[in-house]
Every structure is written in structure tokens, then in C-alpha cells.
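Below, each chain spelled out in residue letters.
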Amino acid sequence: MLEELIERVLPTIISLCELMGIVVVVITAVRAFWNYLRSLWTHQACDIKFDLANGLATSLEFKMAAEILKTVLVRELNELLVLGAVILLRALLSLLIHFEMKERHAPKQSTREERDL
């Protein structure tokens, strides 16, 4: 009985998680593009890359949540291998995005020449 309930409800929950990830990407991309256009007119500095990367990382988290939920529905080893590969790729993408964000906002180490000036 519980297994039937899970098989009926879980695909909807998975689809909602996927949809949330898509919505986050769309909103983030539109906002980043708007900020880019605004920075062209106002010449005001804006960290568009960081904002976009942050939104993409958040979207990947929603997508990975959906993939993790899909593991409950897996029936065959072949499906599990494909699902594992997708999760691994998304995790690597998320890690690369987080690394890029960290590098962009890390305080710059002043060199000896800069201190002497």
C-alpha cells in the first residue's frame, strides 16, 4: 500500500523539483541580463557572473534533489547506473560553480610590491 502511494506521488514531486530548478534558472538569467543592461547604461559595477553562478548552483541543488528522489523508483541496475552518472555530473557542475564563486569573492592577497607602494 505504501509502495503504491510512493509510486503515484513521487513522480509529481520529482517533476515539481525539476520545475523549481528550471524556474530558478530562468529568473536568474533574466535578472542577470537585466543587471547587465542596467550596468551598460549607468556604468555602475555589478557582479553579474557571481549572481548568475549563485542562481545556477541553487538550480542544480533542486535538480539533484529530483535525481535523488528518482533513486526510490529505480528497478534495474542499468537505470541506477544512468542515474548515478547524472547525479555525479550535476555534483561536479555544482562543485565547479561553487569553486568559481569562491575564487571570485576571495579576498585578494596583497603582494610585497603592492604593500611597498
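Caption draft 1: Structural detail: the overall build of the protein chain. Broken down by element type, the protein chain carries four helices and zero strands. Moving toward the C terminus, one meets the helices and strands of the protein chain in the order α-α-α-α. Taking all 117 residues of the protein chain together, the buried fraction comes to 21%. Across the protein chain, every contact between residues at least 6 apart in sequence was considered, and the portion connecting residues at least 24 apart equals 73%. Accessible area for the protein chain stands at about 9200 Å²; split by element, carbon and sulfur atoms hold 66% of it.

Caption draft 2: Spatial organisation of the side chain of Asn 35. Take Asn 35: it is sitting in helix H1 (residues 2–42). Note on Asn 35: relative accessible area 11%, which makes it buried. Excluding anything up to four places from it in sequence, Asn 35 contacts Cys 46, Ile 48 and Asp 51.

Caption draft 3: Looking closely at a nonpolar patch on the surface. On the surface, a nonpolar cluster with roughly 690 Å² of combined accessible area is contributed by Leu 16, Leu 19, Met 20, Ile 22, Val 23, Val 26, Ile 27 and Val 30. Among the secondary structure elements, Met 20 is positioned in helix H1. Look at Met 20 and you get partly exposed, because its relative accessible area is 37%.

Caption draft 4: Inspection of the pattern of salt bridges at higher detail. Overall, the coordinates contain seven salt bridges when judged by the stated rule. Measuring nitrogen to oxygen at the nearest pair gives 2.0 Å for the salt bridge that ties Arg 75 to Glu 7. Of this pair, Arg 75 sits in the loop between helix H2 (48–70) and helix H3 (77–105) while Glu 7 sits in helix H1; the two residues are 68 residues apart in sequence, bridging distant segments of the chain. Of the residues examined, Glu 7 reaches a relative accessible area of 35% and is grouped as partly exposed. Across the pair Arg 90 and Glu 18 runs a salt bridge, and its minimum N-O distance is 4.0 Å. Of the two residues, Arg 90 is situated in helix H3 and Glu 18 in helix H1; the sequence distance between them amounts to 72 residues. Judged on exposure class, the residue Arg 90 and its partner Glu 18 are both buried.

Caption draft 5: Region of interest: the packing of H1 against H2. Where H1 contacts H2, the axes come no closer than 8 Å and their chain directions differ by 175 degrees. In terms of orientation, H1 lies roughly antiparallel with respect to H2. The class makeup of the residues in the contact of H1 with H2 is 17 nonpolar, seven polar and five charged.

Caption draft 6: Up close: the nonpolar core. Counting five residues, the largest nonpolar core consists of Ala 53, Ala 57, Leu 60, Ile 97 and Met 101. Secondary-structure elements contributing two or more residues to this core are H2 and H3. The element best represented in this core is H2, accounting for three residues. Here Met 101 is in contact with Phe 50, Ala 53 and Asn 54, once residues within four sequence places are set aside.

About the criteria used
Residues numbered from 1 in each chain as written. Predicted model: local features only at pLDDT ≥ 70, side-chain atom pairs only at ≥ 80, totals over all residues. Heavy atoms only, no water. Helix = DSSP H or I, 4+ residues; strand = E, 2+ residues; numbered from the N terminus. Buried < 20%, exposed > 50% of the residue type's maximum accessible area, 1.4 Å probe, protein only. Contact = heavy atoms within 4.5 Å. Areas by Shrake-Rupley, 256 points an atom, 1.4 Å probe, with all protein chains shown as cover. Patch = residues over 30% accessible without salt bridge, like charges linked within 9 Å, V, L, I, M, F, W, Y side chains within 5 Å. Salt bridge = Lys/Arg side-chain N within 4 Å of Asp/Glu carboxyl O. Axes fitted to C-alpha atoms, helices over the stretch in contact; angles between N-to-C directions. Parallel < 35°, antiparallel > 145°, perpendicular 65-115°, else oblique. Nonpolar A, V, L, I, M, F, W, Y, C, P; charged D, E, K, R; others polar. Core = buried A, V, L, I, M, F, W, Y, C linked by side-chain atoms within 4.5 Å.

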